[in-house]
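# Inside the fold
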Amino acid sequence: MGSVKDYFSSLGSGIASLIKGMQVTGKEFVTPKITEKYPENRDTVHVPDRFRAILELKYDADGNHKCIACGICERNCPNGTISLSTKMVDTADGKKKRKLDKYMYDLGSCTFCQLCVSSCPQNALEFSNDFEQAVFTRAKLVKQLNYLPEKEEPAPTPEQLAKIQAEKEAKIAAAKAAMAAKKAAEAQASATDESTDNK
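What comes next is a walk through the structure. Not measured: the values here are computed from a predicted model.

Here we take up the sheet that holds strand β2 (residues 82–90). Read from one edge of the open sheet, three strands run β2-β3-β5, paired in antiparallel fashion. Of all strands in the sheet, those bounded by a partner on one side alone are β2 and β5 (142–144). Within this sheet the neighbouring strands show an average axis-to-axis angle of 25 degrees, counted without direction. Here strand β3 (residues 96–106) pairs with β5 via three bridges, running antiparallel. Counterpart to Asp106 in the pairing with β5 is Val142.

As structure tokens, then:
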């Protein structure tokens, strides 16, 4: 007697769950579809501006970037995605200046944490939302971000050259004056010591 009762109660609960499931399925038949037709709608698909897809150097209209090769982004990257190589160049005023030679970025190991962008003191980096980066080999995911050729340092104007020369002469004159004052102080100190010894 108990087995017949259990049979019908389990049959009733099974039918109830089937009806509940059919209700969910029936609702899905009438809801509007949201399937993306990619890549057919590639030209009209909306990608949010905050979506991070690939790191880029910011270039201005003249083809110059703001990177000064300080290496802060390379040090802050948690998994070594960024590697910089630099070179030293001579400026017009005779000083040495470090310039960016190669900015290498490995998209395959990037976690898109944006630590490089937020820590850049020159605001030279940004993430674009170009998500179409599929390749067949991992080697193609390593990209050189400074793809435009580096421009030569602008030649100084005659006014700048005159200013640089005047600054050099002023430094030399100040150094000579400091040396003369030091020698005079030493001579006075030795004369004072001699007069003290004679007494």
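Turning next to the packing of aromatic side chains. Enumeration over the complete set of coordinates arrives at four aromatic pairs. Ring geometry for Tyr38 and Phe131: centres 5.8 Å apart, planes at 50 degrees, overall tilted. Pair noted here: Tyr38 is in the loop between α1 (2–30) and β1 (54–57) and Phe131 is in the loop between β4 (125–128) and β5, with a separation of 93 residues, a long-range link. Given a relative accessible area of 37%, Tyr38 falls into the partly exposed group.

Let us now look at the environment of Cys73. Mapped onto the secondary structure, Cys73 falls in helix α2 (residues 72–76). On the basis of relative accessible area, Cys73 is assigned to the buried category, the value being 8%. Separated by 102 residues in sequence, Cys73 and Ala175 place their C-alpha atoms 39 Å apart. Every residue in contact with Cys73, bar those within four places of it in the chain, is listed here: Ile82, Leu84, Tyr103, Cys116, Ser119 and Leu125.

Right, let's get into unusual backbone geometry. Phi is mostly negative for residues that are not glycine, and the peptide bonds are mostly trans. In this model, Tyr38 is joined to Pro39 through a cis peptide bond whose omega is 10 degrees. Structurally, Pro39 is set in the loop between α1 and β1. Unusually for a residue other than glycine, Phe112 sits at a positive phi of about 55 degrees.

About the criteria used
- Residues numbered from 1 in each chain as written.
- Predicted model: local features only at pLDDT ≥ 70, side-chain atom pairs only at ≥ 80, totals over all residues.
- Heavy atoms only, no water.
- Pairing = 2+ DSSP bridges.
- Helix = DSSP H or I, 4+ residues; strand = E, 2+ residues; numbered from the N terminus.
- Axes fitted to C-alpha atoms, helices over the stretch in contact; angles between N-to-C directions.
- Phe/Tyr/Trp six-rings, centres within 6.5 Å; stacked < 30°, edge-to-face > 60°.
- Buried < 20%, exposed > 50% of the residue type's maximum accessible area, 1.4 Å probe, protein only.
- Contact = heavy atoms within 4.5 Å.

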